[in-house]
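Remarks on the overall topology
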Amino acid sequence: MHSFRFTAEPLPAEAEAAREAVRAFLAAELAAGGFVPHRTTWTTFDPDFSRRAGAAGFVGLTVPTEYGGHGRSGLVRYVVTEEMLAAGAPCGAHWIADRQSGPQILRHGTEAAKRAILPRICAGDCSFGIGMSEPGSGSDLAAVRTRAVRDGDGWVINGSKIWTTNAHRVDYLLALVRTGDPGPDRHGGLTQFIVDLAAPGVTVRPILDLSGHHEFNEVFFSDYRVSDAMMVGAEGAGWGLVTEELAFERSGPDRFLSDYRLLVETIDRIGPEPDRFQAAETGRLVAQLAALMGMSGSVARLLDRGIVPGVEAALVKDVGTGFEREVPEVARRLVPVEPSLNAQGEPYREALAHTTLRAPSFTLRGGTREVLRGVIARGLGLR
Ligand SMILES: Cc1cc2nc3c(=O)[nH]c(=O)nc-3n(C[C@H](O)[C@H](O)[C@H](O)COP(=O)(O)OP(=O)(O)OC[C@H]3O[C@@H](n4cnc5c(N)ncnc54)[C@H](O)[C@@H]3O)c2cc1C
């Protein structure tokens, strides 16, 4: 039986120094009115903020300097991410590119793609979406049917993707498509391509979420042409690549800090003299948060060592998103107010309503809890 590879080590001095630097940047931004703290920090799309964060050196931290990055460790990036989320900074325009698409292109992209795209990502000036899910292919990702067919010196793609966050406003999609037969384990014949969403042959259609917001989309490919230079990894190697990408997607503090500001506002609202129940419940949540921070930082350490910690990342996401879902439930038990989407002048009631409506999606996006537990069980040799 295998075991988890979490370690309990203090953060290195360079990471704590980065914390001071990013806090200073965020304080200056707030003072200058650069942003107002958002409840939905990493999904709030603000290209100007992303460009300023890029110019200040807080995007593409782990990308080598020759590709426009900063050559820092994953732990430095971890700390910067934690601070951005805690401050409610609107990071949506650079989030996916910085978290997973950029690192994926760095490790597996062609030299042409690295030179063309990575410097723009690091400048906070290039956004990505995730092109994995399709109708009939969510948890069962191997069932992807969108197909790329070889055509001269490139490929022609036909098919569709669904639930594609921000496809209506990002530059590129990193799409998983079928290029060959699935083989006996169904993991063969899949390849990743960088798709330019402004090019002919791509149509994006909105899907509104429960609260009426437009974040997701359907994306349709109709004879979309893509060159070999935009293929990521080898033909047919897509399953292994997507597994690596998910380790980046699932392990960060965005998987437990989605409603951090609601937690802080709830504690503020309770005030300095909580009753026994309020003290016990908020204490329990804060203790859980501290454990999650340690686990997530530990995954960043493994990534720095070149290990692909798929099982540990799945555990962080499972426990982390369970935590995120619990925060609004506990808040409603501790603070006797009615949530409302239109409680003018009462931001706490609005925060509670928004978070309550969004919370169910926390455990779906990036892989459901049931699927993650399957990954964990397999990784531990239990099934
Ligand atoms: C807010 C949000 C943003 C998203 N953004 C993106 C995006 O940008 N790009 C993208 O590609 N996708 C995105 N998704 C899609 C997301 O990855 C899928 O919704 C998710 O993987 C589940 O797939 P599904 O919706 O098809 O559900 P299904 O796979 O149909 O699952 C339905 C239910 O069955 C359970 N189930 C399925 N298989 C098993 C099994 N083997 N064992 C036990 N239980 C099982 C699931 O846990 C779930 O409860 C997003 C989703 C959300 C909610």
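Just so it is clear, the structure is predicted and the values come from calculations on it, not from any experiment.

Our next topic: the side chain of Thr-355. The topology assignment puts Thr-355 in helix 10 (residues 347-362). Here the side chain of Thr-355 touches Ala-351 through a polar contact of 2.7 Å, landing on its backbone oxygen. With near-sequence residues (within four places) excluded, Thr-355 lies in contact with Asp-259, Leu-262 and Pro-328.

Before going further, it helps to spend a moment on the nonpolar core. Leu-26, Phe-49, Met-84, Phe-256 and Phe-323 are the most contacted members of the largest nonpolar core, which totals 51 residues. Taken together, the elements giving at least two residues each to this core come down to helix 1 (13-31), helix 2 (47-55), helix 3 (74-87), helix 7 (260-270), helix 8 (276-304), helix 9 (310-334), helix 10 and helix 11 (369-379). Ranked by residue count, the leading element in this core is helix 9, at nine residues. Taken domain by domain, this core gets at least three of its residues from each of domain 1 (13-126) and domain 3 (251-379).

With that out of the way, let us pick up the environment of Phe-256. Here Phe-256 is to be found in the loop between helix 6 (238-250) and helix 7. We classify Phe-256 as buried; its relative accessible area is 1%. As for Phe-256 and Phe-220, which are separated by 36 residues in sequence, their C-alpha atoms are 32 Å apart.

Summed over the entire model, instances satisfying the criterion amount to one cavity of 30 Å³ or more. Here the largest cavity is characterised by a volume of approximately 60 Å³. Lining the largest cavity, in full, are Phe-58, Leu-61, Arg-77, Val-80, Thr-81, Met-84, His-94, Trp-95 and Asp-98.

In the vicinity of the ligand there are 15 residues, among which Ser-133, Ser-139, Trp-163, Thr-368 and Glu-370 approach most closely. Separating a nitrogen atom of the ligand from a backbone N or O atom of Trp-163 is a distance of 2.9 Å. Along the lines of polarity and charge, the residues of the shell around the ligand split into five nonpolar, eight polar and two charged.

In this approach the atoms are scanned with a rolling probe the size of a water molecule, which exposes any empty space left behind. Of the volumes computed, that of the second largest pocket is approximately 470 Å³. Lining the second largest pocket are 25 residues, and of these Thr-62, Gly-74, Phe-248, Leu-303 and Asp-304 sit closest to its centre. Within the residue set of the lining of the second largest pocket, elements represented by two or more residues are helix 3, helix 4 (92-108), helix 6 and helix 8. Among the elements that line the lining of the second largest pocket, the one with the most residues is helix 4, at five residues. Partitioned by chemical class, the residues of the lining of the second largest pocket number nine nonpolar, eight polar and eight charged. Residue-level mapping places the lining of the second largest pocket at the junction of two domains, with at least three residues from each of domain 1 (13-126) and domain 3 (251-379).

On to the pattern of salt bridges, then. Taken as a whole, this structure holds 31 salt bridges when the rule is applied. Notably, a salt bridge pairs Arg-23 with Glu-83, separated by 2.9 Å at the nearest N-O pair. Of this pair, Arg-23 sits in helix 1 while Glu-83 sits in helix 3, and the two are 60 residues apart along the sequence. For Arg-23, a relative accessible area of 42% translates into the label partly exposed. Via salt bridges that share partners, Glu-16, Arg-19, Arg-23, Glu-82 and Glu-83 belong to a single interconnected network.

Taken domain by domain, the protein chain consists of domain 1 (13-126), domain 2 (130-236) and domain 3 (251-379). Computed from C-alpha coordinates alone, the two centres of domain 1 and domain 2 are separated by 25 Å. In this complex, domain 1 contributes 18 residues to the contact, which on the side of domain 2 involves 17 residues. Between domain 1 and domain 2, a total of about 1200 Å² is buried, with carbon and sulfur atoms accounting for 65% of that surface. Taken together, the links from domain 1 to domain 2 amount to one salt bridge.

This paragraph deals with unusual backbone geometry. Most peptide bonds adopt trans geometry, and most residues besides glycine take a negative phi value. One non-glycine residue, Arg-186, adopts positive backbone phi at about 65 degrees. Relative to the helices and strands, Arg-186 resides in the loop between strand 4 (172-178) and strand 5 (190-196). The partly exposed category is assigned to Arg-186, whose relative accessible area is 37%. One non-glycine residue with positive phi stands out, namely Asp-223, at about 50 degrees. Looking at where Asp-223 falls in the secondary structure, it is placed in strand 7 (residues 214-227).

It is worth spelling out the pairing of strand 4 at this point. The buried count for strand 4 comes to seven of seven residues, which makes it a mostly enclosed element. In strand 4, alternate side chains face the same way, and those of Tyr-172, Leu-174, Leu-176 and Arg-178 on one face and Leu-173, Ala-175 and Val-177 on the other are all buried. Summarising the sheet, strand 4 and strand 5 pair through seven bridges and their orientation is antiparallel. Within the sheet, the bridge partner assigned to Ala-175 lies in strand 5 and is Phe-193.

Let's shift gears to the side chain of Gln-192. With respect to the element layout, Gln-192 can be found in strand 5. Separated by 3.1 Å, the side chains of Gln-192 and Gln-104 make a polar contact. In contact with Gln-192, other than residues within four places in its own chain, are Gln-104, Leu-174, Ala-175, Leu-176, Met-230, Met-231, Val-232, Gly-238, Leu-241, Val-242 and Glu-245.

Mapped onto the fold, Arg-332 is located in helix 9. Assessed through its relative accessible area of 42%, Arg-332 is described here as partly exposed. As for Arg-332 and Val-219, which are separated by 113 residues in sequence, their C-alpha atoms are 37 Å apart. Those residues in contact with Arg-332 that lie beyond four places of it in its chain are Pro-339, Leu-352 and Thr-356.

Conventions we followed
Residues numbered from 1 in each chain as written. Predicted model: local features only at pLDDT ≥ 70, side-chain atom pairs only at ≥ 80, totals over all residues. Heavy atoms only, no water. Helix = DSSP H or I, 4+ residues; strand = E, 2+ residues; numbered from the N terminus. Polar contact = N/O pair within 3.5 Å; in protein donor to acceptor, adjacent residues only side chain to side chain. Contact = heavy atoms within 4.5 Å. Core = buried A, V, L, I, M, F, W, Y, C linked by side-chain atoms within 4.5 Å. Buried < 20%, exposed > 50% of the residue type's maximum accessible area, 1.4 Å probe, protein only. Domains from an automatic or database assignment. 1 Å grid on protein atoms, 1.4 Å probe; cavity = no way out; pocket = protein on both sides within 12 Å on 5 of 7 lines; lining within 4 Å. Points joined across faces, edges and corners; volume = space filled by probe spheres on them. Near = heavy atom within 4 Å. Nonpolar A, V, L, I, M, F, W, Y, C, P; charged D, E, K, R; others polar. Salt bridge = Lys/Arg side-chain N within 4 Å of Asp/Glu carboxyl O. Buried area = accessible area lost by both parts, 1.4 Å probe. Pairing = 2+ DSSP bridges.

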